[in-house]
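This is what each chain is made of:
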Number of protein chains: 2
Amino acid sequence: MQNIKKIAVVGSGLVGSLLAIYLRKAGHQVHVYDRSPDIRKIQFSGRSINLAMSNRGWKALDAVEIGDVIREIAIPMDKRAIHLVDKLNFQNYGQEGESIYSISRGILNRKMIDLAEAAGAEFFFEQKIWDVSLDDATLHSGETERGAWEDKKYDLVFGADGAFSRIRHRMQRQSMFDYSQEFLPIGYKELNIPANADGTHKLDKNSFHIWPRGEYMLIALPNLDGSFTCTLFMPFEGENSFQSLNDIPSVEAFFEKNLPDTIDVIPKLTEDFFNNPTSTLVTMKCFPWTYKDKVALIGDASHAIVPFYGQGMNAGFEDITVLYEMMEKYGDDWKTVFSEYEKSRKPNADAIAELSYRNFLEMSSKTADENFLLQKKIEKLFSDKYPEKWIPLYSRVTFSDRPYAEALAIGDYQNEIMEKVLKMDNINQIWDSVEVENKILELLK
Amino acid sequence: MQNIKKIAVVGSGLVGSLLAIYLRKAGHQVHVYDRSPDIRKIQFSGRSINLAMSNRGWKALDAVEIGDVIREIAIPMDKRAIHLVDKLNFQNYGQEGESIYSISRGILNRKMIDLAEAAGAEFFFEQKIWDVSLDDATLHSGETERGAWEDKKYDLVFGADGAFSRIRHRMQRQSMFDYSQEFLPIGYKELNIPANADGTHKLDKNSFHIWPRGEYMLIALPNLDGSFTCTLFMPFEGENSFQSLNDIPSVEAFFEKNLPDTIDVIPKLTEDFFNNPTSTLVTMKCFPWTYKDKVALIGDASHAIVPFYGQGMNAGFEDITVLYEMMEKYGDDWKTVFSEYEKSRKPNADAIAELSYRNFLEMSSKTADENFLLQKKIEKLFSDKYPEKWIPLYSRVTFSDRPYAEALAIGDYQNEIMEKVLKMDNINQIWDSVEVENKILELLK
């Protein structure tokens, strides 16, 4: 039988609260700390990107039987709605019946905390954890970093405290701790498309809306109340940038010229634009993720990624799936649980970081690249005809629970094949011919 | 005329003390802080690697007319002495008259502090700087990190406080600060070859001695007193590792078997092996290096590299050369001085980090690679015949003051050429033929 442990989870975000539910399921005593007030009692911040829950996320929720409750606050999106300046195209995400699900981060987080409390986890809000003593799993909290601190001793501590984790901050100061943080030169800003007067959605409800424009783009994800949460991704500096859009006329002119079909649906454009903060995008990698049998990092605290694959939360939830597998396998041997957990997850976290960064590059530079578009057309044609021979990378990442690292490796292999295909004579003319199809079949052997 | 500034330099190492001399030359008031005791009053630590001063280092010293004083404590090394298990080979570093110079880190550091004090800089030892307020260039010092702090206000602060810089630590916590630290899986340990009874050197004095053994290696650099400072680089774990050499018999057996010609010259082998610490090797990169016109990082604090190109100190001294160029160009406009300094140095710091890391890979894996050795032979032959057409990468880095980034780019270009040459039919037989020579000449066009 497993020993009951006294466990602290630092961070009451999505990963922290789901982890609390899993730890309670395993019978442990669980305290969750957060420096912020209870999100159930405050207004949302105006700086979030809506979530796109996909297979890995659902798998982690279903395993503790809360998937169905969360499905009630999720809206399926089976396609991209691509808003070009002069037309609107639709593109299915996967096969018939495959969807990703839009969920408001705030609404989901509130629900998850309710569920964790119902499972018996105790939450402590407005508790600032400044430091941790790794060897005895003791948290140090207090009003200010330099003021008096109180010690809270646990058997185990989980750092689920996000990209700027204080728990990791302490681990970083050890020797042999690899660490990197890299910011993108683009930021993001939340905007809003309100519901119609009758509560219906102003745009197609079951689409992930995207206005791709090369170096910048706008996306919109549906909310339950008929509104859409929009996110504008844009360089900080340069011609089309947050810096250049510095007054009401320039924002209005920019949207009228480049995003004309948004004018009617974003009524509070300039108000939101100047009230909402411009947030940064960071990729953070580190290793190790754990310290002896005492402390472990999880979610964004161990691998913060850019949001362009919609996998941040899904990857964090999958961390929990794998951690729990190791708990079931190694029981009370937490040192082994932790080391097998980090060994299993690190290559996959690196893979989804790489895939997410590549998607940023694709969206910002390759959408205008003729070769790239041709490649996508050929892949689509072949994949539709031979679905078992060519699962697109997006589907491997989104509609599967096979390791991210495998998806990346197979994706690279598929790219090598397509590189050869694109070098065929007259490929522009013959791209949809039997000759090309046979060439791919041959290369796949 | 330039305004006199009150400037703090954090760190009294080689870069900190040379920077102090330059800032005094420009007429500023200079305070240098160090958390350690005055190195002139204590014994050395037994954890240093001897320095190899080359062109970039001498240039920075000569510009403030202290090169000749330092040359008195330097020993020229014009060649590698390569100790194979059964024979000894010599390999010149460059052309006739080109040498790198062995200097004991401790002796150089003491001398540099003397010179900086003579130039009017004030040194404050055993002063722990825990934090800095970036906006007003104020240092915070105290006995302990959590105890009472004293504020020291300056006009400018330089962080010359090494790879684990506290000044950078504060900058790191800003948004948009890119940062990475990556440890090698190998460590190093200092050993010692004492002088003969008559004060002469036991091995050739004017050689950089190296015992290359693939995954591990030993080096020895001459000291003025007739001794050599040796450094053993070796994996932490695995077959031949610090972990596996865990008692006196295993160390003795290992040296007898693999480094037989060192047995007679390292009398206190096991004593030093178990008394001296095993140190780590880290590559640290970050950006930006400066904050407004207030704070700047320099030397290892902005770019810590692994020691396998012998360029760590040289790169740090070159930072000062470039900083001073910018001071002369932009005078009192410190914001521009700082931004032009970091813009100029960052790509070169990245380049020497890359080159140093590649040298580690070369030494640990490629020394046994037949193709690699053949490439080196072909390059050497060609370079000897056409010295103006093919300056080897090592010379570009070591005997030149052209930018590191240029050396890296030309080195990559040379590698591309050699890749094609190595693909020639029968290259193993014809490597020293006119045919190969002509092929290189053609590819260089």
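Residues numbered from 1 in each chain as written. Chains lettered and ligands numbered in written order. Predicted model: local features only at pLDDT ≥ 70, side-chain atom pairs only at ≥ 80, totals over all residues. Heavy atoms only, no water.

Caption draft 1: Representation of the interface of chain A and chain B within the structure. At the interface, 21 residues of chain A touch 21 residues of chain B. Buried area between chain A and chain B, both sides added, is near 1,800 Å², and the carbon and sulfur share of it is 42%. Here chain A is connected to chain B by two salt bridges. Put simply, Arg173(A) and Glu145(B) hold a salt bridge, and the shortest N to O gap is 3.2 Å. Our count for the contact surface shared by chain A and chain B stands at 14 residue pairs in polar contact (both at pLDDT 80 or more). The biggest single contributor to the side of chain A that touches chain B is strand 13 (residues 178–193) of chain A, with seven residues. Grouping the constituent residues of the side of chain A that touches chain B by class yields eight nonpolar, seven polar and six charged. With three bridges connecting them, strand 13 of chain A and strand 13 (residues 178–193) of chain B associate as antiparallel partners. When the sheet's bridge partners are listed, Ser180(A) is paired in strand 13 of chain B with Ser180(B). (Contact = heavy atoms within 4.5 Å. Buried area = accessible area lost by both parts, 1.4 Å probe. Salt bridge = Lys/Arg side-chain N within 4 Å of Asp/Glu carboxyl O. Polar contact = N/O pair within 3.5 Å; in protein donor to acceptor, adjacent residues only side chain to side chain. Helix = DSSP H or I, 4+ residues; strand = E, 2+ residues; numbered from the N terminus. Nonpolar A, V, L, I, M, F, W, Y, C, P; charged D, E, K, R; others polar. Pairing = 2+ DSSP bridges.)

Caption draft 2: Main features of the sheet that holds strand 10 (residues 138–141) of chain B. Residues and elements named next belong to chain B. Pairing in this open sheet of three strands is antiparallel, and the strands run 9-10-11 from one edge to the other. Of all strands in the sheet, those bounded by a partner on one side alone are strand 9 (129–133) and strand 11 (150–153). Averaged over all adjacent pairs, the angle separating strand axes in this sheet is 25 degrees, with direction ignored. Both strand 10 and strand 11 contribute to a ladder of four bridges, which runs antiparallel. When the sheet's bridge partners are listed, Thr138 is paired in strand 11 with Lys153. (Axes fitted to C-alpha atoms, helices over the stretch in contact; angles between N-to-C directions.)

Caption draft 3: Looking closely at the relation of the copies chain A and chain B. Overlay of chain A on chain B (RMSD 0.0 Å): rotation 180 degrees, translation along the axis 0.0 Å. Those values place the two copies in the arrangement expected of a two-fold rotation axis. Closest to the rotation axis within chain A is the C-alpha of Ser180(A), separated from it by 1.9 Å. Interface residue correspondence from chain A to chain B reaches 100%, placing this contact among same-surface, isologous pairings. (Least-squares fit on C-alpha atoms with pLDDT ≥ 70 in both.)

Caption draft 4: Representation of the sheet that holds strand 3 (residues 51–53) of chain A. Residue and element names in this part refer to chain A. An order of 3-7-4 is seen for the three strands of this open sheet, with the pairing classed as antiparallel. The outermost strands of the open sheet, each flanked by one partner alone, are strand 3 and strand 4 (75–77). Strand after strand, the sheet turns through a mean of 40 degrees between neighbouring axes, direction not considered. Bridge count between strand 4 and strand 7 (residues 100–103): three bridges; the pairing is antiparallel. The residue bridging Met77 from the neighbouring strand is Ile100, located in strand 7.

Caption draft 5: The packing of aromatic side chains, seen in detail. Per the counting criterion, the structure on display carries 47 aromatic pairs over all chains. When the centroid spacing of 5.7 Å and the interplanar angle of 15 degrees are considered together, the rings of Tyr309(A) and Tyr394(A) count as stacked. Taken as a pair, Tyr309(A) in the loop between strand 20 (303–304) and helix 8 (312–330) and Tyr394(A) in helix 11 (residues 393–398) lie far apart in primary sequence, 85 residues in all. Residue Tyr309(A) is classed as buried on the basis of its relative accessible area, which comes to 7%. Relative accessible area serves as the criterion here: at 18%, Tyr394(A) is assigned to the buried category. Ring geometry for Trp334(B) and Phe338(B): centres 5.6 Å apart, planes at 70 degrees, overall edge-to-face. Here the residue Trp334(B) and the residue Phe338(B) both occupy positions in helix 9 (residues 334–365), the gap between them amounting to four residues, near one helical turn. Judged by its relative accessible area of 2%, Trp334(B) is buried. Given a relative accessible area of 0%, Phe338(B) falls into the buried group. By the ring-pair criterion, three or more aromatic residues cluster together here, those being Tyr93(A), Phe208(A), Tyr309(A), Tyr394(A) and Phe399(A). (Phe/Tyr/Trp six-rings, centres within 6.5 Å; stacked < 30°, edge-to-face > 60°. Buried < 20%, exposed > 50% of the residue type's maximum accessible area, 1.4 Å probe, protein only.)

Caption draft 6: Up close: the pattern of salt bridges. Residues and elements named next belong to chain B. All told, the structure shown has 50 salt bridges over all chains when counted by the stated rule. Note that Lys59 and Asp401 form a salt bridge whose closest N and O atoms lie 2.9 Å from each other. Taken together, the positions of Lys59 in helix 2 (residues 55–62) and Asp401 in the loop between helix 11 (393–398) and helix 12 (404–422) put the pair 342 residues apart, joining distant regions of the chain. Classification of Asp401 by relative accessible area gives partly exposed; the value is 38%. Glu437 is the partner of Lys385 in a salt bridge, and the nearest nitrogen-oxygen pair spans 3.0 Å. With Lys385 in helix 10 (residues 370–385) and Glu437 in helix 14 (residues 434–444), this pair connects stretches of sequence that are 52 residues apart. Here Glu437 falls in the buried class, since its relative accessible area comes to 16%.

Caption draft 7: Representation of the packing of helix 2 (residues 55–62) of chain A against helix 8 of chain A within the structure. All names here are of chain A. Axis separation between helix 2 and helix 8 bottoms out at 8 Å; the angle between their running directions is 40 degrees. Classified by the angle between their axes, helix 2 and helix 8 sit oblique to one another. The crossing of helix 2 and helix 8 is left-handed. Contacts from Arg56, Gly57, Lys59, Ala60 and Leu61 in helix 2 reach Asn314, Phe317, Glu318 and Thr321 in helix 8. Its residues assigned to classes, the contact of helix 2 with helix 8 shows three nonpolar, three polar and three charged. (Parallel < 35°, antiparallel > 145°, perpendicular 65-115°, else oblique. Left-handed = near helix turned anticlockwise from the far one by under 90°.)

Caption draft 8: Summary view of the pairing of strand 16 (residues 228–235) of chain A. All names here are of chain A. Counting buried positions over the eight residues of strand 16 gives eight, a clear majority of the element. Burial of strand 16 is two-sided: the residues Phe228, Cys230, Leu232 and Met234 facing one way and the residues Thr229, Thr231, Phe233 and Pro235 facing the other way are all buried. Bridge analysis of strand 13 against strand 16 gives eight bridges, and the strand direction is antiparallel. For Leu191, the partnering residue across the bridge sits in strand 16 and is Cys230. In this sheet, strand 16 lies alongside strand 15 (residues 217–222) in antiparallel orientation, the contact comprising six bridges. Note on strand 16: the bridge partner recorded for Pro222 is Phe228.

Honestly, it's all geometry; don't read function into it.
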